[in-house]
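Listed below are the residues making up each chain.
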Amino acid sequence: MNTAHRNIRPEIRQLDEACANRIAAGEVVERPASAVKELVENALDAGATRIDVAYADGGKTLIRVRDDGHGMAPEDLPLALSRHATSKIDGTDLLNIRSFGFRGEALPSLGAVGRLYITSRTQGGDGASITVNGGRMGQVRPDAAQQGTLVELRDLFHATPARLKFMRSDRAEAQAIADVLKRLAMAEPYVSFTLSDVSNDAPRQIFRADAAQGALFDALEDRMASILGREFTDNAIRIDAERDGLHLTGLAGLPTYSRGAAVAQYLFVNGRPVRDKLLIGALRAAYMDFLSRDRHPVAALFITCAPDLVDVNVHPAKSEVRFRDPGLARGLVVSGLRHALANAGHRASSTVAGAMLGAMRPQAPPPYAGYQMDRPSPQARAANYQLQAPAQMQDAPAFWTGAQAISARHDSPDAAPSVPDDAPLGAARAQLHQNYIVAQTARGMVIVDQHAAHERLVYERLKRQRAENTVAGQALLIPEIVELPEADAAQLLALSGDLAALGLVIEAFGGGAIMVRETPALLGVVDARALIRDILDDLADLGQSQNLQARIDAVLSRMACHGSVRSGRAMRVEEMNALLREMEATPHSGQCNHGRPTYVELGLDEIEKLFGRK
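Residues numbered from 1 in each chain as written. Predicted model: local features only at pLDDT ≥ 70, side-chain atom pairs only at ≥ 80, totals over all residues. Heavy atoms only, no water.

### Observations concerning the environment of Gly-568
Then, in step 1: Checked against the element boundaries, Gly-568 lands in the loop between α17 (548-563) and α18 (573-585).
Then, in step 2: Remark: the alpha-carbon pair of Gly-568 and Asn-435, spanning 133 residues in sequence, is separated by 5.6 Å.
Then, in step 3: Ignoring any residue separated from it by four or fewer positions in sequence, one finds Gly-568 in contact with Gln-434 and Gln-450. (Helix = DSSP H or I, 4+ residues; strand = E, 2+ residues; numbered from the N terminus. Contact = heavy atoms within 4.5 Å.)

Next comes the structure, spelled out in structure tokens:
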């Protein structure tokens, strides 16, 4: 404020309606995507089953939204363009809102900052149209319109040219429009949507989602596949949980199907897309046990509840909500996701195998037009196996029976325990580089990272023992003294009681030194000094903002790393099979404590494609 005028008493004035509408538009219409959001939400509130959106120049020169909803009568058109006029609420109860819109500000706000044209017709009624230019309303005119409503907004912000300076490029604004429409399409799987770019008189369809059929989850999966891709639905688990009037549904990606940024997290409350900090934090907390801090889950979650349990009138753009019981909503998201992830067992993302196949796929040889012999029949292969058997094996024809010939075996088949034919992770056949277990399954093969897999198994055992308050410690014959900076020692000693419950007993030893008296028995022989320093690193990475539970989980994760089978350790066949069986019985064993996959599965069809057999 200019200090030279502070002593001048201001005069209070009543703003005219046009100015008031432009101020309101500044809150409601931030960019072209905001206008698309308001118009599409109006169409959904009107009961539309098909919504077509078109734009030109990123929405700056044209936004057109057509729907087949119930439409408006000619006498309602001028009223629809008046501020705070709406058919969606009666004003008696603002906590019983069951529609997207309820303020009656969208259309008058758009008319205040652009050139607005509306045509509409109800079923069995007469069509009519009206125009608004910079807040000046025209006359209602008859129009031969189809049932529903067509809204055209041209030259957005022409009445407030200063706003145009803050607009981004056409490409960026077009991407924002597509994102808004896709989020609304996720919430309404039974409605058809199209999005077209009509710039330069060259129409181009950007997005299309046809109305889904069937039950809710099937319809939701079809809609998500059309928007996020089939890869997401193939690597997602269904979420269905309920608690005290709140119902959580949706799809959540496996921990191994994660992103480097939080760009694929879609949250909805009573069908309304929201970017709520409470729900985003709950989603992050649910995956905290499975992802490192630089990875983010992929999910589309829907919370439905009675309107009086949530307040949607807390943000100008209605992108945030406030629950009557925030703890209940957060707890439902965290527990619902963790329960579903636990039920997923050892399942891992199929994209891991796809990436592996891409890395292994050889370059295609030049085409050869010559004769190619057909693949021999099983009977012919059986005869060849018998003829090609070494002389000393002639007395053991059963081993060379082609129909039952095995494609891989370990050196001592009798030493290995029997493995069920339907074991998901199969039977161990070999160990590569003393780190990777190769197993044969009924459908192909599995390659397991023994260190990552055992680390997860140890972590889950530690968590179970902690829940049962039975984490046993083993006393060191000679306590180990670890020298640390005083601040680090104080941080550890402040958690000494919680660490003792985990089997790690420490005491102050003067200055910055601490004495390690016991370590968790489950870990076996460990380097106490390295364990202490790694725990400190994890606590520093989490920071003081995390709650104690998260920090204790980080300690458990680090302990599991120190107590797991190390890379470079040779394993016997029975040890490898025991590891595979435990993985099958342990939830979350498909990923290590940092969200990386513990195994990769290749189907026989995929292997044969690598060798050109299919």
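### Quick notes on the pairing of strand β7 (residues 148-154)
Then, in step 1: Most of β7 is tucked away, with 6 of its 7 residues classed as buried.
Then, in step 2: As judged from the 6 bridges shared by strand β2 (residues 62-67) and β7, these two strands associate in the antiparallel manner. From the neighbouring strand, Ile-63 faces β7, where its bridge partner is Leu-153.
Then, in step 3: With 7 bridges connecting them, strand β3 (residues 115-121) and β7 associate as antiparallel partners. The residue of β7 that forms the bridge with Thr-119 is Leu-150. (Buried < 20%, exposed > 50% of the residue type's maximum accessible area, 1.4 Å probe, protein only. Pairing = 2+ DSSP bridges.)

### Some remarks on the sheet that holds strand β20 (residues 473-483)
Then, in step 1: Judged by pairing direction, the sheet is antiparallel, and its 3 strands sit side by side in the order β20-β22-β21 without closing on themselves. Unpaired on one side and paired on the other, β20 and β21 (505-508) mark the two borders of the sheet. Across the sheet, the mean angle from the axis of one strand to that of its neighbour is 20 degrees, orientation sign disregarded.
Then, in step 2: The sheet contact formed by β21 and strand β22 (residues 513-520) spans 4 bridges and is antiparallel. Of the residues in β22, the one forming a bridge with Val-505 is Glu-518.
Then, in step 3: Packed on one face of the sheet, helix α14 (residues 486-494) meets β21 and β22 and runs near 130 degrees to β21. (Axes fitted to C-alpha atoms, helices over the stretch in contact; angles between N-to-C directions.)

### Re the packing of helix α2 (residues 32-45) against helix α6 (residues 170-187)
Then, in step 1: Two elements in contact, α2 and α6, have axes separated by 8 Å at closest approach and are oriented at 25 degrees. Considering their axes alone, α2 and α6 lie roughly parallel with respect to each other. Of the two elements, α2 crosses α6, and the hand of that crossing is right-handed. Every residue of α6 that contacts α2 at Pro-32, Ala-33, Val-36, Lys-37, Val-40 and Glu-41 is listed here: Glu-173, Ala-176, Ile-177, Val-180, Leu-181 and Leu-184.
Then, in step 2: A class-by-class count of the residues in the contact of α2 with α6 yields 9 nonpolar, no polar and 3 charged. (Parallel < 35°, antiparallel > 145°, perpendicular 65-115°, else oblique. Left-handed = near helix turned anticlockwise from the far one by under 90°. Nonpolar A, V, L, I, M, F, W, Y, C, P; charged D, E, K, R; others polar.)

### Considering the environment of Gly-138
Then, in step 1: On the secondary structure map, Gly-138 appears in the loop between β5 (136-137) and β6 (141-142).
Then, in step 2: Using a relative accessible area of 26% as the deciding quantity, one classes Gly-138 as partly exposed.
Then, in step 3: Sequence separation between Gly-138 and Tyr-117 is 21 residues; the distance between their C-alpha atoms is 9.7 Å.
Then, in step 4: The contacts of Gly-138, once residues within four sequence positions are left out, are Ile-130 and Thr-131.

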